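# A closer look at the structure
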Amino acid sequence: VGRYNNVTRSDAVNIILSPPADLIPQNITADNMVSTGATFTFSYEVRNQGAGAPNHSSWADRCYLSTSPTALVDEAAIATDQHYNGLAAGDAYSIQHSITLPSGIASGTYYLFVHADYQNNVFEYLYDDNNLVRRAQPITVVQPDLQILSLNVADTLTAGAEAGVSYQLANT
């Protein structure tokens, strides 16, 4: 029995990849201005513009507010959406949110980014570079600034009796 007779090579093997998916966020809509602590409404769609279905049936998308229009700088994750049931080539799904914007976010200009499959679970071959998309228009975040415009109280008050008070506020 020879010692080296277990070394051999096969003929060339052809490997054909399944057509990959290509998940891309699109149609991002949002309020143009929001106060911290107030309701912020936004929506987006994720389309599979690839030639095949994803190799995983579930993945997560994440939404961020960032101070930079070109990158996730000082970003705040504001929503994470788990998607189940796959997505055929050419199909899309839509997500709508109505969240309370955290009061810790400073006033200023922000950009809404949507990152489809942010954990990179879906094999997209060469098409992973379009999973992070920014809404074109910036969002202005303001702090509430309530001002008392008028306050009316009766000139004379009686202990234990009801008193009429009226006021007018404005968020300037």
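Residues numbered from 1 in each chain as written. Predicted model: local features only at pLDDT ≥ 70, side-chain atom pairs only at ≥ 80, totals over all residues. Heavy atoms only, no water.

## Topic: the packing of aromatic side chains
Using the criterion set out here, one finds three aromatic pairs in the structure. Ring centres of Phe-40 and Phe-42 lie 5.3 Å apart, and the angle between their planes is 35°; this geometry places the pair in the tilted category. For the pair shown, Phe-40 and Phe-42 are each scored as buried. Look at Phe-123 and Tyr-125: their rings are 6.3 Å apart centre to centre, the planes differ by 50°, and that puts the pair in the tilted class. (Phe/Tyr/Trp six-rings, centres within 6.5 Å; stacked < 30°, edge-to-face > 60°. Buried < 20%, exposed > 50% of the residue type's maximum accessible area, 1.4 Å probe, protein only.)

## Remarks on a nonpolar patch on the surface
Nonpolar side chains collect at one region of the surface, where Leu-146, Ile-148, Leu-151, Val-153, Leu-157, Val-165, Tyr-167 and Leu-169 lie side by side and expose about 850 Å² of accessible area between them. Of all the elements in the fold, those that place two or more residues in the nonpolar patch are β10 (146-153) and β11 (165-171). Per element, the largest residue contribution to the nonpolar patch is four residues, and it comes from β10. Residue placement: Tyr-167 occurs in strand β11. What makes Tyr-167 exposed here is its relative accessible area of 57%. (Patch = residues over 30% accessible without salt bridge, like charges linked within 9 Å, V, L, I, M, F, W, Y side chains within 5 Å. Areas by Shrake-Rupley, 256 points an atom, 1.4 Å probe, with all protein chains shown as cover. Salt bridge = Lys/Arg side-chain N within 4 Å of Asp/Glu carboxyl O. Helix = DSSP H or I, 4+ residues; strand = E, 2+ residues; numbered from the N terminus.)

## Looking at the sheet that holds strand β3 (residues 39-48)
Ordered by their spatial adjacency, three strands build an open sheet running β1-β3-β6, and the pairing between neighbours is antiparallel. The sheet is open, and its two borders are formed by β1 (23-30) and β6 (92-100), each paired with just one other strand. Each neighbouring strand pair of the sheet contributes to a mean axis angle of 20°, computed without reference to strand direction. Alignment of β1 against β3, held across six bridges, turns out to be antiparallel. Bridge pairing in β3 places Pro-25 opposite Val-46. (Pairing = 2+ DSSP bridges. Axes fitted to C-alpha atoms, helices over the stretch in contact; angles between N-to-C directions.)

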